[in-house]
Amino acid sequence: MSDVTSDQVLTTQDGKPLKAALAKALRRERLRSLMLIAPLLIFIMLTFVAPIFDMLFRSVENQIVSETLPRTVVLLEEWDAGSGETPGEDVYQALHYDLMIASEYKRHTQLGTRLNYEKTGISSMFRRTGRRIADFGEVYADQFAALNPAWEDPMTWVNLMASDAWIADQQRWAASQDGPEPTFILSETAVAALPATADIYGAFAEFLQMEEGDSPTDEQPWNAVYAALYEDLADNPQAFSTFSGTNADLLREAVEAVPTFATASMKELFIDAEDGWGDAGNWAVIKTFSPAYTPGYFLSAADAQLTPDGLEMKPENQQIYLFLFYRTLLLSIVITLSCLLLGYPIAYLLAALPLRYSNLLLILVLLPFWTSLLVRTSAWKVLLQQQGVINDVLVWIGLITDAGRLVMINNATGTIIAMTHILLPFMILPLYSVMKTISPTYVRAAKSLGATDWTAFWRVYFPQSVPGIGAGAILVFILAIGYYITPELVGGTSGIFISNRIAFHISSSLNWGLAAALGTLLLVAVLLLFMAYDRIVGIDNVKLG
Amino acid sequence: MSALPPYASPLQKTWYYSFRVICGLIFFFLIFPIMIIVPLSFNAQNFFTFTPEMLALDPAGYSLKHYEDFFTNPSWQQALWNSVTIAPAATILATVLGTLAAIGLSQSHVPYKSAIMAVLISPMIVPLIISAAGMYFFYSRIGLQGTYWGVVLAHAALGTPFVIITVTATLVGFDRSLVRAAANLGADPVTTFFKVQMPLIIPGVVSGALFAFITSFDEVVVVLFLGSASQQTLPWRMFTGLREQISPTILAVASLMVAISIALLTVLELLRRRSERLRGLSPG
C-alpha cells in the first residue's frame, strides 16, 4: 500500500473507484434487508397499527351529530345556548327534515343513544319523536291533496323534481327492466326555485332507491316534502315562473292557495310530541356535541363533562372511571409486589443451585408459563370457590366452620391470588437471568471481610439484583394493568379492572367512543411504562423461556 | 447457598432449611393449581371439588364421563376444530413473515432499526384488550370482523413478535462468515439461505413457531371480539363455560391442554439443548 499516493484512487478490478463500489454494495445490502423486513412491516401496519390508530381516531370522532342532523346543526350555530331560550321555528323546521330522513334510515335511535351518553333522557326523546315524525307535515299534505289530487300522484312529483335526462333514462330502463334503476337526479330548475323541497325530495328519492329498492315513480313523497313545498312557495311566490307546462300551472295554482293554508308550528308539534324539545338544555347538548371532533369521550373517561358553561366534574354518584383507574393501579401494584415477594426467593434459589438442579426446577416455573391462561384461571375458580377445594380443606382441618367458609372469589382477593400466580413466571425469569450473572465471589469476599450473612446479602448481592427487579416488576405491572380475562372471571365486581369496563362498552353498552378513549388512556400508560422498560432492559434483550 | 458449610451456626442451619421450605411452598403454589385439575377432571359427579368417594380412592368416584362429553359434544368439537384450523394458519403466516424480517433486521446497516423493531414488537406490548378493541373497530369497517381470515390475520399479528425475538436470538450467535464462505464457494443467496443459514437457525424458527402457535391457540380476548359464533375456539368456549359455570367438562379440556403444554415444553427444552450442543455451550 506504500505506493498509493494521495492523487491515486483505489479501484476495483473493473476500474470503478473502491469507495463507490463499497457504497453500492452497502446500499444493495441495505435494500436487501429492507426487502426482507418490508412484508412483515406492511402486514403489522395493516393488521395491527392501523386498528390502533382507528381506535385513537374513534376516541375523538363525533360525526354522528352533524351527519344525522346536518341542517339543524348549521342553523344551531346562530343560536345562543347561554340565552336559556329554545331556538326559533327555523331550527325546528330543519330538525323536522333531518329527523324525518334519519327516522326512515333508523339512524335517529343511534344518535339518541350517542347523545344520551352526555345527558340522560335524550335517547327516549329521539326514539319517541321518531315514531311520530312522519305525521308532522300531514296538515300540508292534506291541503295540497285537497287543492289538487294531482299532488297525490308520484308522477306529478317526478315531473316537477327530476331532471329531463333522468326521466328519459328512467323510461328507457322501465321498458327494458335491465339492471338497477338509474340513480335519481334533481332538475336544476327545481333546485333553484324550490330549494327546500328539492333538498328533501332528493333525500326521499335516494332513500327509496338505495334502501327500499323502490322507484320514486311509484311512491308518494313523505309529508315532510309537502311541508317543504309550502315553505318554499310562501318564501318565493314567483317560483312557478321558471317552470313550464303542467308544472307551472300546478305551482301557480298552489302559490295562490298557499296564503289561505292552515299552518302548523313545528316547534309546537315537537314539544307536543316530547316535552324535552322545549328544554333549552337538551338543545345545548346537541349544539355542544355538533362539531365533528370532541374531547367529550376523554372527559367522560376522566369523570368530567362538557356543559354549555364549560368543563365540570360529573356528579359524585356518577364518578366511576377515576376510581376504576385508581383500583387498576392499586391492584396492579399489589400483584407486582406479591410477584416480587414470591419470585425473588425462587430466582435466588435457581441462580444459586448447580445448573443440573436449577434446570429441573426451572421446568416447574416454565410449566405454568406455558399452560393456557384459561386453564390456570379455571383452576383458581375451582380452588377458591366457597364449595371449592381450599375451603373444603380448611373446614376439614377445623380452621374454619362450615358456615364460615371464606369468600375468596368474585372479589379483589380472587383477582390478586389468581393474577399473582399467572404473572409469577414473568417475574422469576428476568430475575433469574440477572441473578445468574452475579458472581458468588463478591458475597464470599464480603463475608471474609467480616460481614454477616444479612449484610453480605443486603449490601452486596441485593444491589446487583436490582436490574432484574426493575425488569421483572415493570413487565409484570405492564401485563397486569391491561389484564381482562382473569379479572372478568374471578374478579366479581370489586376485582375488575379498567379493561373490563372497556370490554363492557364495546360489547354491551356499545359506547365505542368511550371504550376508545379509555383504551387510549390505558395505552398511553402502558407505552410510558414500556419506555422505562426499554431504558432498563432494552427491547432487544427480551428473553423468552 | 449451594451447600451448607460444616461450620454453620444453628441459626444459619435453621435459615438454610426454612428458606428451602419457603421455596418449596412457592413451587407448590406454582404447580398445585395446575395439577389439581387433573384428578378433579375424572370426577364422577358434576362437582368442582373432591367427593368423599374420590378421597377414599373408590373407583366408583372416578369416571371418564367429562372426557366423553368433550369428545362427543358437538359444540366442544366445533370449538376444537376451529382452534386447530385457526392456529396453524396464523402460525405459518407469523413464522414466515417473522423469520424473514428477523433475518433482515440482523444485518448490519439497517436504517431506522430501532423504530422498525418497536413497531414489529408492538403487538406483544399493547394490552390485548386494546388490540382487541382497535381490531374490532377497524376490522368491522373493512368487513373482516366475524370472518375466519379476520381472526387468522389478528392472531398472526399477535404471534410475530415472538418469532422475531426467538429468531433474532439465534441469529445473534450466527457466524456471518459462514454466509460469506458459501458465497465465496459460488452459492447464490437462496441456496446459502436453505443450505447454510436455515439449518443453523431452525431451532429458533421452530421455537418461535411454537410461541406463535400457543399465542393463537390460547388467545381468547381478540377472538372474543373479532370472531362470530362460527369462529368459537376452545379458549372462547372455556371462557363462556367458566362465566356461566356450566359443566366440569372444562376441567377435562383443561387437563388435555396441560398435556399439550407439557408436550410443547418438552419440545422446546430439546431444541434448546440441541442448539446449545451445536454451539458447544452444553452444560454437560
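Quick caveat, the model's predicted, so the values are computed rather than measured.

Points about the interface of chain B and chain A
At the junction of the two partners, chain B supplies 94 residues and chain A supplies 89 residues. Note on chain B versus chain A: buried area summed over both sides is about 8200 Å², and carbon and sulfur give 81% of it. Where chain B meets chain A, there are 2 salt bridges. The residue A:Glu488 makes a salt bridge to B:Arg243 at a minimum N-O spacing of 2.8 Å.

Notes on the pattern of salt bridges
What the rule picks out here adds up to 13 salt bridges over all chains. With its nearest N and O atoms 2.7 Å apart, the salt bridge here joins A:Arg71 to A:Asp98. Within this pair, whereas A:Arg71 is found in helix α3 (residues 70–76), its partner A:Asp98 is found in helix α4 (residues 89–105), the two being separated by 27 residues in sequence. The partly exposed category is assigned to A:Arg71, whose relative accessible area is 22%. Each of A:Asp54, A:Arg58 and B:Arg141 takes part in salt bridges that share partners, so that together they form one network.

Quick word on the packing of aromatic side chains
Working definition: an aromatic ring pair is given by the centre-to-centre distance plus the angle between the planes. As enumerated under the stated definition, the model contains 54 aromatic pairs over all chains in all. With a centroid separation of 5.3 Å and 75° between ring planes, the pair formed by A:Phe126 and A:Trp277 is classed as edge-to-face. Here the residue A:Phe126 occupies a position in helix α6 (residues 122–132), and A:Trp277 occupies one in the loop between α14 (266–273) and α15 (280–288), the gap between them amounting to 151 residues. The exposure classification of A:Phe126 matches that of A:Trp277, with both residues buried. Seen in terms of ring centroids, A:Tyr348 and A:Tyr461 are 5.0 Å apart; in terms of plane orientation they differ by 80°. Their pairing is edge-to-face. In this pair, A:Tyr348 sits in helix α17 (residues 321–352) while A:Tyr461 sits in helix α23 (residues 453–481), placing the two residues 113 residues apart along the sequence. Lying across the ring of A:Tyr105, A:Arg107 places its NZ or CZ 4.7 Å from the centre. The cationic tip of B:Arg237 hangs over the ring face of B:Trp76; the distance from NZ or CZ to the ring centre is 4.5 Å.

A closer look at the environment of A:Leu384
Note that A:Leu384 resides in helix α19 (residues 373–384). Remark: the alpha-carbon pair of A:Leu384 and A:Thr441, spanning 57 residues in sequence, is separated by 44 Å.

Some details on the domain arrangement of chain A
Think of interface size as the accessible area that goes away when the parts come together; that is how it is often given. Taken domain by domain, chain A consists of domain 1 (1–58), domain 2 (64–134 + 266–292), domain 3 (137–260) and domain 4 (321–541). Computed from C-alpha coordinates alone, the two centres of domain 2 of chain A and domain 4 of chain A are separated by 50 Å.

Some thoughts on the side chain of B:Ser41
All names here are of chain B. Tracing the sequence through the fold places Ser-41 in the loop between α1 (10–40) and α2 (52–55). Judged by relative accessible area, Ser-41 falls into the buried class, the value being 0%. In terms of polar contacts, Ser-41 uses its side chain to reach the backbone carbonyl oxygen of Val-38, at 2.6 Å. Not counting residues up to four positions away in its chain, the partners in contact with Ser-41 are Ser-63, His-66, Tyr-67, Leu-251, Ala-252 and Ser-255.

Thoughts on α23(A)
The terminal C-alpha atoms of α23(A), which comprises 29 residues, lie only 37 Å apart, well short of the 42 Å expected from a rise of 1.5 Å per residue. The sharpest bend along α23(A) reaches about 50° and sits at A:Phe462, with the proline A:Pro463 one to four residues further on.

What counts, and where the lines are drawn
- Residues numbered from 1 in each chain as written.
- Chains lettered and ligands numbered in written order.
- Predicted model: local features only at pLDDT ≥ 70, side-chain atom pairs only at ≥ 80, totals over all residues.
- Heavy atoms only, no water.
- Contact = heavy atoms within 4.5 Å.
- Buried area = accessible area lost by both parts, 1.4 Å probe.
- Salt bridge = Lys/Arg side-chain N within 4 Å of Asp/Glu carboxyl O.
- Helix = DSSP H or I, 4+ residues; strand = E, 2+ residues; numbered from the N terminus.
- Buried < 20%, exposed > 50% of the residue type's maximum accessible area, 1.4 Å probe, protein only.
- Phe/Tyr/Trp six-rings, centres within 6.5 Å; stacked < 30°, edge-to-face > 60°.
- Lys NZ or Arg CZ within 6 Å of the ring centre and 35° of its normal.
- Domains from an automatic or database assignment.
- Polar contact = N/O pair within 3.5 Å; in protein donor to acceptor, adjacent residues only side chain to side chain.
- Expected span 1.5 Å × (residues − 1).
- Bend = angle between axes of the 7 residues up to and from the residue.

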